[in-house]
Amino acid sequence: MVPIKSSEITPEHIYLSRRKFLQAAGLFAANAVLLAACGRQPTPLATSPATSVVAAPSRDEADELSNALTPLATVLGYANYYEFTLNPTAVARLSQGFSTSPWQVAVGGLVNKPKTFDIDDLRTFEQEERIYRMRCVEAWAMVIPWFGFPLSRLLKEVEPLSTAKYVRFETLYDPDQMPGQKDRSFPWPYVEGLRMDEAMHDLTLLATGLYGSDLQPQNGAPVRLVVPWKYGFKSIKSIVKIDLVEEMPQSLWMATNPREYGFWANVNPEVPHPRWSQATERLIGENRRRETLFLNGYADEVAGLYPDLDLRDWYY
Ligand SMILES: Nc1nc2c(c(=O)[nH]1)N[C@H]1C(S)=C(S)[C@@H](COP(=O)(O)O)O[C@H]1N2
Ligand SMILES: [Mo]
């Protein structure tokens, strides 16, 4: 794991006063206290160009289970984003010039009011910070302070029909910008899906930022999904299309390797990947392995979504 070099980080060049930033971001007083602990000010979420890079320092904070935040340099420097490269330490460099403006997200399918949202429209939804564990299916994990809003708020705005059972998400398809999409061994574009009740759950986030600044390309700028109780591959990056559908969508991973990747992908220490155990994981930055938590530690919140599912089915 090679952290991003400071020489690769473009300095921030647009600042708002903290007060203006808080107004723009719609933050509450509690978050203001958190931000006040930062030595430097974050880039404004609403107006910073996609190419400006986060220069906020890592913060001395933890999630609700007392796991320290993964340092910002690690979150930026180690990313899975196959549209650019299969090498997680090279994504930051290869995605540097990725253009995220203009950007639109078309929301449609089985809805009353289909609507195409400009990225700036999405930023008018009241944003909040959520510290979540991100558990990759490859058995590593990070603790990331996301910025965003519950997907449910966007879905309510388009008024889902009662026939809508699933939500299907699509990443941008643009091989000129995303060299990995020239690799024909994957059925691009990247697609993921959720069942309607999973999509409407309050933990399910549309993220526009992390560490108090806009998302960088390697983390899925300008907007990505975060579903913290599922393996990381469900948390699709750089979304351009969201459709409400009747049938369970086929994801890129289901199409690529159905023996190893399924629709549910709920984190479960008892269901091994066909090629490795999921019983333990490594929190990036630590040397020891720790035990994987059922539903990644969010069972109290989401176990109720799955009353009938056989545990052994949860992976496939
Ligand atoms: N479009 C797209 N989304 C993606 C991926 C990808 O390759 N392409 N990788 C997934 C995987 S495997 C993981 S673990 C997470 C990683 O998110 P992060 O790099 O921001 O930590 O993004 C997910 N979303
Ligand atoms: Mo992953």
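For clarity, every value in this text was computed on a predicted model and none was experimentally measured.

**A short note on the layout of surface pockets**
To find the voids left in a structure, one rolls a probe of water-molecule size over its atoms. As a volume, the largest pocket reaches approximately 570 Å³. Elements with a contribution of two residues or more to the lining of the largest pocket: strand 4 (140-150) and helix 8 (252-256).

**Examining helix 6 (residues 151-158)**
Structurally, the α-helix is built with 3.6 residues per turn, so residues lying three or four positions apart point the same way. Listing the buried residues of helix 6 in full gives L151, S152, L154, L155 and V158. Burial along helix 6 is one-sided: seen end-on, the buried residues are contained in an arc of 160 degrees. Phi for E159, located one or two positions after helix 6, is positive at around 60 degrees.

**What about the site of ligand 1?**
Taken together, 16 residues sit near ligand 1, with Y82, E83, T171, S235 and K237 positioned nearest. Contact distances for ligand 1 include 3.2 Å between a nitrogen atom and a backbone N or O atom of N80. A distance of 3.0 Å separates a nitrogen atom of ligand 1 from a polar side-chain atom of T171. Burial of ligand 1 by the protein chains amounts to 98% of its free accessible area of 520 Å². Broken down by class, the residue content of the shell around ligand 1 amounts to eight nonpolar, five polar and three charged.

**A few points about the side chain of E281**
Here E281 is to be found in strand 11 (residues 280-283). Residue class for E281 comes out buried when judged on its relative accessible area of 5%. Polar side-chain contacts of E281 include one of 3.4 Å to the side chain of T292.

**Describing the nonpolar core**
Formed by 81 residues in total, the largest nonpolar core has its most connected members in W146, L154 and I242. Ranked by residues supplied to this core, first place goes to strand 4 with seven residues.

**Quick look at the sheet that holds strand 1 (residues 104-109)**
Pairing in this open sheet of five strands is mixed, and the strands run 2-1-10-5-6 from one edge to the other. For this open sheet the edge positions go to strand 2 (115-118) and strand 6 (191-195), each flanked by a neighbour on one side alone. On average, adjacent strands in this sheet sit at an angle of 15 degrees to one another, irrespective of strand direction. Note: strand 5 (residues 166-171) against strand 10 (residues 239-245), six bridges, orientation antiparallel.

Quick notes on the rules
Residues numbered from 1 in each chain as written. Chains lettered and ligands numbered in written order. Predicted model: local features only at pLDDT ≥ 70, side-chain atom pairs only at ≥ 80, totals over all residues. Heavy atoms only, no water. 1 Å grid on protein atoms, 1.4 Å probe; cavity = no way out; pocket = protein on both sides within 12 Å on 5 of 7 lines; lining within 4 Å. Points joined across faces, edges and corners; volume = space filled by probe spheres on them. Helix = DSSP H or I, 4+ residues; strand = E, 2+ residues; numbered from the N terminus. Buried < 20%, exposed > 50% of the residue type's maximum accessible area, 1.4 Å probe, protein only. Arc of directions from axis to C-beta. Near = heavy atom within 4 Å. Polar contact = N/O pair within 3.5 Å; in protein donor to acceptor, adjacent residues only side chain to side chain. Areas by Shrake-Rupley, 256 points an atom, 1.4 Å probe, with all protein chains shown as cover. Nonpolar A, V, L, I, M, F, W, Y, C, P; charged D, E, K, R; others polar. Core = buried A, V, L, I, M, F, W, Y, C linked by side-chain atoms within 4.5 Å. Pairing = 2+ DSSP bridges. Axes fitted to C-alpha atoms, helices over the stretch in contact; angles between N-to-C directions.

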